Amino acid sequence: MSSAALALETPGGRFLRRFLRERPALLGLLLATGVLIAAVGAPLLAPYEPGANDFDALLVPPLTPGHLLGTDELGRDILARVIWGARTSMQAGVFATLLAIAVALPIGLTAGYYRGWWDSVAMRLTDTLLAFPFLIIAVGLAAILGPSLGNATLAIGLVQIPKIVRVARGEMLSLREESFVAAAIADGASDRFILLRQVLPNIMNTLLVQATVIIPIAIIAESTLSFLGLGVQPPTPSWGVMLTAAQPFMAQAPWLAVIPGLAIVVATLSFNLLGDGLRDAWDPRGRR
Amino acid sequence: MSSLLAVRDLTVRFPTDAGPVYAVDRVSLDLRAREVLAVVGESGCGKSMLALSILGLVPPPGEILEGAVHLDGTDLRRLPDSALRAVRGKQVGMVFQEPMSALNPVFTVGRQIGDVLRRHEGLGSREARTRTLALLSQVGIPAPGQRIDEYPHQLSGGMAQRVMIAIAIACHPKLLIADEPTTALDVTIQAGILRLLLSLRDRLGMAILLITHDLGVVADAADRVMVMYAGRKVEAAPAEDLFDAPQHPYTLGLLGAVRHPGRVPEDGGPRRLREIPGLVPTRREPADHCIFFPRCPRADARCQAELPALQTRRPEHEAACFHPGRGPSGSAP
C-alpha cells in the first residue's frame, strides 16, 4: 500500500486491516461469536429441553442417532445441555465483566485524574480486595446470600474490580501528562469533559482488551464455582455442573466430562485469541 | 495607556523533596492590546511557567505563591474555577509547542475545533461546522472541506500547528499565548506560522504573548521583548532597542550565542559562537542578590550582596543590573 493511501486511512480502517490479517484472532472472533450465538439462541438451537429425559437412551455415546453428543445418566441430551450451558457461562462472563467495569472505571479514572487522598483511599481499597483469595470471597458470598448464578457472578465481578481500577488509573496517569489534556484545560474544558470526552475514548481499546481477558477468567470461575456447588444449582445446565455430574461415570461414559470440558476450553481460548488480536491490531508500534 | 494584561509580582513555587523551587520569582509585565510581547530566555528559566500561570494552569504540585494577573481589569487569580474556565479558550487562546501531541488522536480536526465553539459560543453542530470551515481557511489550511474530517496523524506538523491556532482563535480571544509555537517545526515551516500569527493579530486585533528561546523569532515578530533568567525578569525593551543596545550581560550573552548565516565578521576570520559558561541555577529561595552573578563576567561584591532592581536605562528600556550597557569599556563581555 502506498504511503499516501496509508496517510489517508482513518484509525478505524487501519485497525480493521491489521486485525483481519491476524488468523488466530479471526478464529477467536469466529468461535466467540459461535459461543455468543449459542448463548443467546439456546431455546431455538438446542434440539431438546435441557431437562428433558429420554429414558430409552440412558448414557448413550456420541453420534447416536437423535443424540449427536450422547446422553447422560438421566437420558438428557448432552448437545442441548452444552448449548444451554453456554448461556449460563456467558451470563456469568459478560455480567461479571460489566459489573467490574461499571464499578472500577469511575474509581480508577478519578483516582488517576485527581490523585491526592482519593487516589490513596482507592488504591488501599483495591489492595485490600486483592488480598482476599477469590474462592474465599465466593464461598463467603454463597454462605451469606445462598449459592446461585447471580451471587456467583457478583463474587466473580467483585474479584475483577482491582485489576480494572489499576488499568484505568494507570492509563489515566499517563494520559494526564499528554499535551492534549493540558490543551483541553487551556481551552476551558471542564473536568467532566476531559474525563468523558478526552480520556475515555482514548482508553476504550485498552478496556475492550481487558474485557476479553476477564470474560474467559469469569467463564472458568463460573464453572469452578458450579463444579463445587457454590454457583449454578442442578438441574440448571452449566458446564461446571455437568462436570460434577460426570464424575461417577468417568470410566463408562467419559464423554460426559470431555464435552463440557472442551466447551470450556473453546470458550476461554476464543476470547483469549480475540483479545490478543485486538491488542496487536491496536498497538501503534506493531508492524503495519 | 492601560494594558490588556497586567501581571504583578507573580511568584510560582514548586515543592520538591529537596525543598521548594522558585520557577517564577516576582515577575511583572504589561501587554497592551494588539501588541506582541516576546518572553525569551534559556530552557528552564521559567518562561513557560509564566505563560501557564497567567491562566492558572501551573501543574500541581506547583502553585502561584503571590502576585496578581489582571486581564482587562479582571483579576484572574480571584476568579472561581468556573469563571476561569470561561476565560480559557474564550478570552485567552493558547498554542503549545508540540502540535501533534496537543491534538487528541482519536477525534477529527473538525470535532476538536467544534468542541471549543460549542463550549464557549453555544453553537449547534451545523453552525460549528460552518465556523470551523471558515477558521480552517483563515489559518491557511488548503482544502478545508477535506481536512475537517481528518485525524491528527494525517496532518503534518505545520498543519497540526495551524489547527491548534484555529482552536486558539476560534472564539476571537483578546490575548493569544503562544508557548514556543515554532520550536517543534521545520525551519521552513516556522516562518509561515509566524507570519500567520502576525496577520491574525492584525485581522483580529488580539495581543500575543510569545514565549520563545529563538532570538530570530523575536526579531521577526515582537514589538517588545522581556528577557527572563532563572525565574527573574532581567531586561525589558522595545525589540529594536534590545538588539541595538542590550543592557544586561545575560542579554548580551544570548545575543552572542546566535548564529548569523551569511554574515562575515569584520576581521574576515571565522566567527565563533560564544556560549554563556555555566547553567541556569535551581532557585531554592527568592532572590536576594543578582542571580546571574556566578556566570557574569562583570560580577563584583555588590552583585553578590544586593538584588539589582529594574531601572530604566533608555526610553521604555529597563534592566536589572549594576553594570549595564555594552560593557565596561564598550566591548561585549
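Residues numbered from 1 in each chain as written. Chains lettered and ligands numbered in written order. Predicted model: local features only at pLDDT ≥ 70, side-chain atom pairs only at ≥ 80, totals over all residues.

All right, on to the overall build of chain A then. The number of helices and strands found in chain A is 12 helices and 0 strands. Seen in sequence order, chain A has helices and strands lined up from the N terminus as α-α-α-α-α-α-α-α-α-α-α-α. Each of the three principal axes of chain A carries a C-alpha extent, and together these read 75 × 55 × 30 Å. Counting only residues that meet the buried cut, chain A has 43% of its 288 residues in that class. Relative to all contacts within chain A whose residues are 6 or more apart in sequence, the contacts with residues 24 or more apart total 70%. (Helix = DSSP H or I, 4+ residues; strand = E, 2+ residues; numbered from the N terminus. Buried ≥ 20, exposed ≤ 12 C-beta atoms within 10 Å, placed from the backbone. Contact = placed C-beta atoms within 7 Å.)

Residue and element names in this part refer to chain A. Relative to each other, helix H10 (residues 191-227) and helix H11 (residues 239-246) sit at 40°, their axes nearing to 7 Å. With respect to H11, the axis of H10 lies oblique. In terms of crossing hand, the pair formed by H10 and H11 is right-handed. Every residue of H11 that contacts H10 at Glu-222, Ser-223, Thr-224, Leu-225, Ser-226 and Phe-227 is listed here: Trp-239, Gly-240, Val-241, Leu-243 and Thr-244. Of the residues in the contact of H10 with H11, the class split is 5 nonpolar, 5 polar and 1 charged. (Axes fitted to C-alpha atoms, helices over the stretch in contact; angles between N-to-C directions. Parallel < 35°, antiparallel > 145°, perpendicular 65-115°, else oblique. Left-handed = near helix turned anticlockwise from the far one by under 90°. Nonpolar A, V, L, I, M, F, W, Y, C, P; charged D, E, K, R; others polar.)

This next bit is on the confidence of the model for chain B. Residues and elements named next belong to chain B. When the pLDDT values of chain B are averaged, the result is 88; 94% of them are 70 or greater. For the stretch residues 328-333, pLDDT sits under 50, and the model shows 10 contacts to residues farther than four places along the chain or on other chains. Scoring the predicted complex yields pTM 0.81 and, for the interface, ipTM 0.83. (pLDDT = per-residue confidence, 0-100.)

Our next topic: the packing of H10(A) against helix H12 (residues 255-282) of chain A. Residue and element names in this part refer to chain A. One can describe the packing of H10 onto H12 by two numbers: an axis separation of 9 Å at closest approach and a directional angle of 170°. In terms of orientation, H10 and H12 fall into the roughly antiparallel class. Regarding H10 and H12, the two cross each other, and that crossing is left-handed. In contact with Asn-205, Leu-208, Val-209, Thr-212, Val-213, Ile-215, Pro-216, Ile-219, Ile-220 and Ser-223 of H10, H12 contributes Ile-264, Ala-267, Thr-268, Phe-271, Asn-272, Leu-274, Gly-275, Leu-278, Arg-279 and Trp-282. The residue makeup of the contact of H10 with H12, split by class, is 13 nonpolar, 6 polar and 1 charged.

Turning next to the interface of chain A and chain B. Listed by partner, the interface residues are 17 residues for chain A and 21 residues for chain B. Put simply, the parts of the chain that give the side of chain A that touches chain B at least two residues each are helix H9 (179-186) and H10 of chain A. Among the elements that line the side of chain A that touches chain B, the one with the most residues is H9(A), at 5 residues. In terms of residue class, the side of chain A that touches chain B is built from 9 nonpolar, 6 polar and 2 charged.

Moving on, we come to the sheet that holds strand S5 (residues 74-75) of chain B. Residues and elements named next belong to chain B. Strands sit in the order S2-S1-S4-S5 across an open sheet of 4 strands; the sheet is antiparallel. Only two strands of the sheet have a single neighbouring strand rather than two, namely strand S2 (19-31) and S5. Direction of pairing for strand S1 (residues 5-16) relative to S2: antiparallel, over a ladder of 9 bridges. Bridge pairing links Phe-14 to Val-21 in S2. (Pairing = 2+ DSSP bridges.)

Moving on: helix H5 (residues 78-114) of chain A. Residue and element names in this part refer to chain A. For H5, built from 37 residues, the straight-helix expectation of 54 Å at 1.5 Å per residue is met to within 8% by its first-to-last C-alpha distance of 53 Å. The largest bend in H5 comes to about 30°, at Ala-104, with the proline Pro-106 one to four residues further on. Note on H5: the residue one or two positions beyond its end, Arg-115, has a positive phi of about 55°. (Expected span 1.5 Å × (residues − 1). Bend = angle between axes of the 7 residues up to and from the residue.)

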